[in-house]
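Structural characterization, general
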Amino acid sequence: MIETYVEVDIDKIIKNINNIQSIDEESMFCAVIKANGYGLGAVRIAREIEEFVDYFAVARLEEAISLRKSGITKPVMVLAYVNFEEIDKCVKYDIDLPIYDLEYAKKINDSISGKLKVHIALDTGHGRIGFRESELDDIKKLKNLDNLDVISAFSHFSTADEKDTSFTMIQKERFYNILNQIKDYYKFKFIHLANSAGAIKHNITKDMMRIGISLYGIYPSIEVKNEKLIYLEQCFKYISHVSYVKDIPANTPISYGRTFISKEPMKIATIPLGYADGYMRAFSNKGEVLINNKLCKVLGLVCMDQLMVDVSGMEVYMDDEVIIYPNIYKESNKINTIPYELMTSIAMRVPRIYKKNGKIIDIDNYLGEIYED
């Protein structure tokens, strides 16, 4: 038995794709699988969903090359910076790049042999990367770079998951305003603007939806979750097991620093999971896990490889299953973060177990250990 692992249900991912696609059956679907598929395993997920999507998006060139080497043939786009020494690999592996600066584009054009498919990134208010409306002349000059095949333009929303929709509408208007001013220079094959919240909450789909967090059944925010416009089902469970159970008297300290000292007799369970597995130290004396359908509070400081929880009044034994993040929205809120961070922080030493049709189809263990039946 693997004591701590992430279980990923491929069928639920496919259902999420179908439910989101129902917003607009004609729209292309881009699956965002950066950060190792938001912590769940990019390569395995990509293989299982390739037939259901039109595009993949990642953040790093290495992520894109990994997909190609694993046999993925659908278009793959890198969403962020690639240094000039690596650009030829984009041509070699047929990987799309964003262009968001004229000088950067010129250097890329001069450094490659062959055509490179690129997407013009437009900054409509997110402030990360992209040409701004004041840089229209620079956008138009991209036309003169013969090695760049400009196939698309895109932007990214900053507040589409919030209750106030006004700035999202401003960004949408800016996007189309810029496109209107460059329409005589480019014949885009498609454009893409909507992230998960843009598609689900605002019904902005043309011509392609870029779906990241919602692919995995997590809503972009509680606001979007509460609206229930599209049904999503969380596709993963973070699972561990009880490794030790003990009764302690009053005035017993738990873990480093003695930040928790029992005021009365208690029953304590130890779990073989800690901050080296991605369970953040910020959950010390705050987090809750689920054991035998009951929430159990983390006591004391989270250790590198273990943590302790209160199981007083419960029948709990070694090897009992423990669900980490029983409600990932509530748990992330306890430490002032978001589900995205909890997911992408799951360490590489934690095996990912993949299920389809109720059966295990694969186990990815990044430490290279072999598990036999």
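Placed above this text is the structure.
Residues numbered from 1 in each chain as written. Predicted model: local features only at pLDDT ≥ 70, side-chain atom pairs only at ≥ 80, totals over all residues. Heavy atoms only, no water.

All chains considered together, the criterion is met by twelve aromatic pairs. Ring centres of Y238 and Y325 lie 5.9 Å apart, and the angle between their planes is 55°; this geometry places the pair in the tilted category. A residue pair is termed long-range when its members are at least 10 positions apart, and Y238 in strand β10 (residues 236-241) and Y325 in the loop between β18 (321-324) and α11 (328-334) qualify at 87 residues. Like Y325, Y238 is buried. Members of the aromatic cluster, connected to one another through ring pairs, are Y81, F84, Y100 and Y104. (Phe/Tyr/Trp six-rings, centres within 6.5 Å; stacked < 30°, edge-to-face > 60°. Helix = DSSP H or I, 4+ residues; strand = E, 2+ residues; numbered from the N terminus. Buried < 20%, exposed > 50% of the residue type's maximum accessible area, 1.4 Å probe, protein only.)

The subject of this paragraph is the sheet that holds strand β2 (residues 28-32). Around the barrel, eight strands lie side by side as β2-β3-β4-β5-β6-β7-β8-β9; this closed barrel has parallel pairing. Adjacent strand axes in the sheet meet at a mean angle of 30°, parallel and antiparallel pairs treated alike. Across four bridges, the pairing between β2 and strand β9 (residues 208-211) is parallel. The partner of A31 across the bridge, within β9, is I211. Running at roughly 165° to strand β8 (residues 190-194), helix α8 (residues 166-182) makes contact with β7 (148-154) and β8 of the sheet. (Pairing = 2+ DSSP bridges. Axes fitted to C-alpha atoms, helices over the stretch in contact; angles between N-to-C directions. Contact = heavy atoms within 4.5 Å.)

As a further point, take the pattern of salt bridges. This structure, assessed with the given rule, holds 15 salt bridges. Across the pair E103 and K106 runs a salt bridge whose closest N-O atoms are separated by 3.6 Å. With E103 and K106 both in helix α6 (residues 102-111), this residue pair falls three residues apart, about one helical turn. We note a salt bridge from R349 to D305, for which the minimum N-O separation is 2.7 Å. Of the two residues, R349 sits in the loop between α12 (339-344) and β19 (352-356) while D305 sits in the loop between β16 (294-299) and β17 (307-310), which places them 44 residues apart along the sequence. With relative accessibility at 34%, the residue R349 sits in the partly exposed group. Among the charged side chains, a network of salt bridges with common partners joins R44, E48, K356 and D362. (Salt bridge = Lys/Arg side-chain N within 4 Å of Asp/Glu carboxyl O.)

What follows is about the environment of N19. With respect to the helices and strands, N19 occurs in helix α1 (residues 10-21). The exposure class assigned to N19 is partly exposed, which follows from its relative accessible area of 26%. For the pair N19 and I200, spaced 181 residues apart in sequence, the C-alpha to C-alpha distance is 9.9 Å. Beyond its immediate chain neighbours, meaning those up to four positions away, N19 contacts I230 and Y231.

Let us look at the side chain of H202. As for its placement among the helices and strands, H202 is situated in the loop between α9 (196-200) and β9. Side-chain polar atoms of H202 contact the backbone oxygen of A160, separated by 2.9 Å. Once residues within four sequence positions are removed from consideration, H202 is found in contact with A160, T165, T168, M169 and A197. (Polar contact = N/O pair within 3.5 Å; in protein donor to acceptor, adjacent residues only side chain to side chain.)

As a further point, take α1. Given 3.6 residues per turn, any residue in an α-helix points the same way as the ones three and four places further on. The terminal C-alpha atoms of α1 lie 17 Å apart, and with twelve residues this matches the ideal 16 Å at 1.5 Å per residue to within 8%. Burial in α1 covers these residues: I10, I13, I14, N16, I17, I20 and Q21. Each buried residue of α1 lies within a common arc of 155° when the element is viewed along its axis, so the set occupies one face. At the N-terminal end of α1, a side-chain oxygen is found 3.0 Å from the backbone nitrogen of D11, two or three residues along, and the residue is D9. (Expected span 1.5 Å × (residues − 1). Arc of directions from axis to C-beta.)

This part takes up unusual backbone geometry. Here the bond from K206 into D207 is cis, since omega is -10°, no more than 30 degrees from zero. In this structure, D207 sits in the loop between α9 and β9. A positive phi angle, close to 50°, is found at R258, a residue other than glycine. Within the fold, R258 resides in the loop between β12 (253-254) and β13 (260-261).

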